[in-house]
Each structure stands twice: as C-alpha cells, then as structure tokens.
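Here is what each chain is made of, one letter per residue.
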Amino acid sequence: MDMNRIDEVMQVDSTEVWEVTNRDLFPHNWHVHDVQFQVLDIDGEQPPAELLGWKDTIYLEPRRQYRIIMRFEDYADDEHPYMIHCHLLLHEDEGLMSQFIVSDGEPSRDGGRVGSGGHASH
C-alpha cells in the first residue's frame, strides 16, 4: 500500500467484471469502498444462495476465483480515492489494500500519484 499512489482508474457510469482470486491458503474478507457488486460465479460455478445478493464485502475462500460485476456510479478524484482492502486486522496493519478513483473525464486505466496533477481532468 502506498497512500500516494492510485492503482486503478474507473469511469463514472461504467460496469466492470472483475476476476478476484484468493491465492493464499487462508480466507480473506475483501471489501470495495462505495461500490456494490454481485458474484457471477465461483470457479465457473453458480454461487450459493447467500452470495446472490448485492455485496460490498465478500468472504474469499482459499484458492478460489470469484467473478464479480460492479457499476461505478460515484465520482472519486485523486485527492479522495476509494480503497479496496482486506478486513483482517493483520492485513490492514500490513497495508494489504489499494486505491482507485472514478473519473468523469476521458477513459483511462492508468494509475498515478495522488495529488500529482496527473489526473487533473478527473
């Protein structure tokens, strides 16, 4: 985790499908700020009933891949980015998190430095 780095740039009113894989041997409680998502599948299989609703945090089982869909509806600039992180205290303490912004400018997937002016149009 680098508080001065933007790891991802999404576009306002865009919908994305992400593949999130827990490569560890222990579970993670994975959370996305200000975005709700739905689980499309887990390792290509239909998710169980308890994972069919809208989520902002999900329990990621070890060695499994989750395909999720989310819509980015709220603007977030590089001065106030959103975060993606694990809710395990040890992982939060160790900086297992990243930052993203939601741009209303030109489409871009390039990260950058917080407050660097590199995202002046966002």
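All of these numbers come straight from a predicted model, not from anything done at the bench.

Caption draft 1: Quick peek at the packing of aromatic side chains. This model, assessed by the stated rule, comprises five aromatic pairs. Judged by centre distance (5.6 Å) and plane angle (55°), the ring pair of Tyr-82 and Phe-100 falls under tilted. In this pair, Tyr-82 sits in strand E8 (residues 82-86) while Phe-100 sits in strand E9 (residues 97-103), placing the two residues 18 residues apart along the sequence. On the accessibility criterion, Phe-100 (0% relative accessible area) is buried. In textbook terms, an aromatic cluster arises when at least three aromatic residues are bridged by ring pairs, as seen for Trp-18, Trp-30, Phe-37, Phe-72, Tyr-82 and Phe-100.

Caption draft 2: Representation of the environment of Arg-23 within the structure. In this fold, Arg-23 is placed in the loop between strand E3 (14-22) and strand E4 (28-32). Residue classification places Arg-23 among the exposed positions, given a relative accessible area of 66%.

Caption draft 3: Quick peek at the sheet that holds E3. Spatially, the three strands line up as an open sheet ordered E3-E7-E5, and their pairing is antiparallel. Across the chains shown, the open sheet's two edge strands, defined by having one partner strand only, are E3 and strand E5 (37-42). Looking at each pair of strands side by side, their axes are set apart by 25° on average, direction ignored. Two strands pair when backbone bridges link them, and E3 and strand E7 (residues 64-72) are joined in this way by nine bridges, in the antiparallel orientation. By the bridge assignment for E7, Glu-16 is matched with Met-70.

Caption draft 4: Local environment of the nonpolar core. With 21 residues, the main nonpolar core has Trp-18, Trp-30, Ile-58, Ile-68, Phe-72 and Phe-100 as its most contacted residues. At the level of secondary structure, the elements contributing two or more residues to this core comprise E3, E4, E5, strand E6 (57-60), E7, E8 and E9. If one sorts the elements of this core by residue count, E7 sits on top with four residues. Beyond its immediate sequence surroundings of up to four residues, Phe-72 is in contact with Met-10, Gln-11, Val-12, Asp-13, Ser-14, Glu-16, Trp-18, Val-35, Phe-100 and Val-102.

Caption draft 5: Structural view of the environment of Ser-14. Tracing the sequence through the fold places Ser-14 in strand E3. Residue class for Ser-14 comes out buried when judged on its relative accessible area of 16%. On a C-alpha basis, the gap between Ser-14 and Met-70 in space is 8.5 Å, while along the polypeptide they are 56 residues apart. Residues contacting Ser-14, with those up to four places away along its chain left out, are Met-70, Arg-71 and Phe-72. Reaching out from Ser-14, the side chain makes a polar contact with the backbone oxygen of Gln-11 at a distance of 2.5 Å.

Parameters at a glance
Residues numbered from 1 in each chain as written. Predicted model: local features only at pLDDT ≥ 70, side-chain atom pairs only at ≥ 80, totals over all residues. Heavy atoms only, no water. Phe/Tyr/Trp six-rings, centres within 6.5 Å; stacked < 30°, edge-to-face > 60°. Helix = DSSP H or I, 4+ residues; strand = E, 2+ residues; numbered from the N terminus. Buried < 20%, exposed > 50% of the residue type's maximum accessible area, 1.4 Å probe, protein only. Pairing = 2+ DSSP bridges. Axes fitted to C-alpha atoms, helices over the stretch in contact; angles between N-to-C directions. Core = buried A, V, L, I, M, F, W, Y, C linked by side-chain atoms within 4.5 Å. Contact = heavy atoms within 4.5 Å. Polar contact = N/O pair within 3.5 Å; in protein donor to acceptor, adjacent residues only side chain to side chain.

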